[in-house]
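Chain by chain, the residues:
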Amino acid sequence: MSNENLLEKLKENVLQGRMEKEDEGIEEGYLGQPGVQELTEETLEQGVSVKEILQTINDGMVLVGKMFEKGEYFIPDMLAASEAVGAAMEVLEPHMIKDKEDWKGKILMATVEGDIHDIGKNLVIIMLKGSAFQVVDLGTNVSSNKIIEEIEKQKPDIVGFSALLDTTMVEMGKNIETMKEKGIRDGVKVMIGGAPTSESFAQKIGADAHGKDAFAAVEVANKLISKN
Ligand code: B12
């Protein structure tokens, strides 16, 4: 199979929510065919770059989002697709980690309180790790208190907040306010991202930068580090 066809199959299997070949798809007729895990392995073996694979997975999830918005996909379908993306990330992660000596800086990443969306955050983390940042993942639904505690403990250069809901993006501003109250805002840069966020929102809440996707996240982190 050509690399283009492999990437197309990978995207198709993200849409089908199939982690591996034993999985059925959302549609019939997939059982026994390679799933996202096997296809990611094969694509890597063919020499396709991690960046291209991530772009394909990203495109797949964007399509999943559109299908959900059109009412063609439901929550279990989205969950299956996210688990399939998780299977790809497990394969990709070892290829992205650099030696400690190469680290450009330390970044804490968290999905804010009330929000459990983590696919975008996890893609951002993989890209950052692949670009030689040391990343600590605080997970999802992370409270301001936990964020403050971890900033004090881990002393990162940058903290990154992710939110996918209109109702939770406000937590980013609250986190920044709490950081100010605790006197730790000046020592750490804040970058934000997630579908409902924007440059103007970042400015409004006093974040240092906004990144629209995982590739922009790396650019933003590089800039913030060089300003330190
Ligand atoms: C998958 C998904 C889910 C999955 C999440 C699984 C998981 N492990 O993440 C499940 C099924 C659990 C889910 C649940 C819900 N969801 Co949902 N979900 C989605 C969906 C389809 C895709 C999100 C996604 O993964 N996108 C793909 C990734 C790659 O993109 P991304 O997250 O935007 O991330 C990229 C950038 O934003 C950026 N980025 C992200 N974070 C950061 C951070 C930094 C620092 C930087 C620099 C960049 C950055 O880089 C990423 C990579 O390129 C979206 C629809 C959509 N079109 O987005 C709805 C969507 C986000 N969900 C929505 C809703 C309403 C819900 C629920 C409330 C549904 C319900 N009624 O229960 C719950 C909320 C649960 C909660 N408390 O969080 C709405 C939100 C509406 C809004 N604007 O508020 C959306 C938009 C769907 C819709 N149109 O209604 N969801």
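Up top is the structure these notes are about.
Bear in mind that the values here come from a model prediction, so they are computed numbers and not experimental data.

Procedures and definitions
Here the residue numbering is sequential within each chain, running from 1 through the sequence in written order. Note on the predicted model: pLDDT of at least 70 is required for a residue's local features to be given, and 80 or more for side-chain atom pairs to be given and counted; whole-chain, interface and lining totals, by contrast, use all residues. Values shown for side chains rest on all heavy atoms present in the structure; no hydrogens or waters enter the calculation. Under the DSSP-based scheme used, a helix requires at least four consecutive residues in state H or I and a strand at least two consecutive residues in state E, with every element numbered from the N terminus. Atoms counted for the radius of gyration: C-alpha only. Globule rule: 2.2 Å times the number of residues to the power 0.38. Buried residues are those whose accessible area, probed at 1.4 Å on protein chains only, stays under 20% of the maximum for their type, while exposed residues exceed 50% and partly exposed ones sit between those limits. Contacts between residues were defined by any pair of non-hydrogen atoms, one from each residue, lying within 4.5 Å. Neither His nor the chain ends contribute to the count of charged residues, in which Lys and Arg are positive and Asp and Glu negative. Here the site of a charge means NZ on Lys, CZ on Arg, CG on Asp, or CD on Glu. Donor atoms are limited to N, O and S found within 2.8 Å of the metal ion, a distance that becomes 3.2 Å for Na, K and Ca. With water left out, some sites might look partial. What a helix is expected to span follows from its residue count: subtract one and scale by 1.5 Å. Here, a salt bridge means any Lys or Arg side-chain nitrogen found within 4 Å of an Asp or Glu carboxyl oxygen. A molecule or strand has a residue near it when one of that residue's heavy atoms lies within 4 Å. Here a polar contact is taken to be a pair of N or O atoms separated by no more than 3.5 Å, where protein atoms must pair a possible hydrogen donor with a possible acceptor and residues adjacent in sequence count only if both atoms sit in side chains. Note on definitions: the grid is 1 Å and covers protein atoms alone; a cavity is a set of points where a 1.4 Å probe fits but cannot get out; a pocket is an open set with protein on both sides within 12 Å along at least five of seven lines; lining residues have an atom within 4 Å of a point. Should more than half of a molecule's atoms lie within 2 Å of a pocket's or cavity's grid points, that molecule is taken to sit in it. The residue classification treats Ala, Val, Leu, Ile, Met, Phe, Trp, Tyr, Cys and Pro as nonpolar and Asp, Glu, Lys and Arg as charged. All others, Gly included, are polar. Boundary definitions for the domains trace back to an automatic or database domain assignment. For two strands to pair, DSSP has to find at least two bridges joining them. Place the viewer so that the strands point away; then a crossover is right-handed whenever the path from the first strand over the helix to the second strand goes clockwise.

## Some thoughts on the overall build of the protein
For step 1, the next point in the chain: Within the protein, the secondary structure is distributed over 9 helices and 5 strands.
For step 2, the next point in the chain: Shown N-terminal to C-terminal, the secondary structure of the protein runs as helices and strands in the order α-α-α-α-β-α-β-α-β-α-β-α-β-α.
For step 3, the next point in the chain: On C-alpha atoms alone, the protein measures out to a radius of gyration of 18 Å, which is about the 17 Å that the 2.2 N^0.38 rule sets for 228 residues.
For step 4, the next point in the chain: C-alpha extents for the protein along the principal axes are approximately 60 × 40 × 25 Å.
For step 5, the next point in the chain: Expressed as a percentage of the 228 residues in the protein, the buried residues total 50%.
For step 6, the next point in the chain: In the protein, once contacts between residues fewer than 6 apart in sequence are set aside, the share between residues at least 24 apart is 67%.
For step 7, the next point in the chain: Computed over 25 positive and 41 negative side-chain charges, the inter-centroid distance for the protein is 8 Å.

## Details of the coordination of the cobalt atom of the ligand
Each donor-metal-donor angle would ideally measure 109.5 degrees in four-coordinate tetrahedral geometry, or 90 or 180 degrees in six-coordinate octahedral geometry.
For step 1, the next point in the chain: Protein coordination of the cobalt atom of the ligand is limited to a single donor, H117 (NE2), positioned at 2.3 Å.
For step 2, the next point in the chain: When you line up the elements, H117 lands in the loop between β1 (105-111) and α5 (119-130).

## Some thoughts on helix α7 (residues 170-181)
For step 1, the next point in the chain: With 12 residues, α7 should reach 16 Å at 1.5 Å per residue; the first-to-last C-alpha distance of 17 Å fits that figure.
For step 2, the next point in the chain: Listed in full, the buried residues belonging to α7 are E171, M172, G173, N175, I176, T178 and M179.
For step 3, the next point in the chain: Buried residues belonging to α7 abut α6 (144-154), β3 (158-162), β4 (189-193) and α8 (199-205).
For step 4, the next point in the chain: Where α7 ends, the next residue or the one after it, G183, has phi of about 75 degrees, a positive value.

## A short note on the pattern of salt bridges
For step 1, the next point in the chain: Taken as a whole and assessed by the stated rule, the structure comprises 10 salt bridges.
For step 2, the next point in the chain: Here E150 makes a salt bridge to K146, at a shortest N to O gap of 2.9 Å. Taken as a pair, E150 and K146 lie in helix α6 at a separation of 4 residues, close to a single helical turn.
For step 3, the next point in the chain: By relative accessible area, E150 is classed as buried at 5%.
For step 4, the next point in the chain: For K146, a relative accessible area of 33% translates into the label partly exposed.
For step 5, the next point in the chain: Put simply, K146, E150 and K153 are held in one network by salt bridges that share partners.

## Topic: α5
For step 1, the next point in the chain: The end-to-end C-alpha distance of α5 is 17 Å, a good match for the 16 Å that 12 residues give at a rise of 1.5 Å each.
For step 2, the next point in the chain: Most of α5 is tucked away, with 9 of its 12 residues classed as buried.
For step 3, the next point in the chain: I119, K121, L123, V124, I125, I126, M127, L128 and K129 are the residues of α5 that are buried.
For step 4, the next point in the chain: Of the residues flanking the end of α5, it is A132, one or two places downstream, whose phi is positive at about 70 degrees.

## Re the site of the ligand
For step 1, the next point in the chain: The immediate surroundings of the ligand are formed by 34 residues, with I116, H117, D118, S162 and D166 found nearest.
For step 2, the next point in the chain: One nitrogen or oxygen atom from the side chain of D118 is found 2.7 Å from a nitrogen atom belonging to the ligand.
For step 3, the next point in the chain: Judged by the proximity of its atoms to the pocket grid, the ligand belongs to the largest pocket.
For step 4, the next point in the chain: Secondary-structure elements contributing two or more residues to the shell around the ligand are α3 (50-69), α4 (75-96), α5, β3, β4 and α9 (214-227).
For step 5, the next point in the chain: In terms of residue count, the dominant contributor to the shell around the ligand is α3 (5 residues).
For step 6, the next point in the chain: In terms of residue class, the shell around the ligand is made up of 17 nonpolar, 11 polar and 6 charged.
For step 7, the next point in the chain: Structurally, the shell around the ligand is a two-domain feature, drawing no fewer than three residues from each of domain 1 (3-96) and domain 2 (100-227).

## Observations concerning the pairing of β4
For step 1, the next point in the chain: Summarising burial for β4: 4 of the 5 residues are buried, a large majority.
For step 2, the next point in the chain: Taken together, the 5 bridges between β3 and β4 define a ladder with parallel strand orientation. Directly across from F161, in β4, lies its bridge partner I192.
For step 3, the next point in the chain: Crossover connection from β3 via α7 to parallel β4: handedness right-handed.
For step 4, the next point in the chain: When β4 meets strand β5 (residues 209-210), the two strands line up parallel, connected through 2 bridges. Within β5, the residue paired with I192 across the bridge is H210.
For step 5, the next point in the chain: With α8 bridging β4 and the parallel β5, this β-α-β connection has right-handed handedness.

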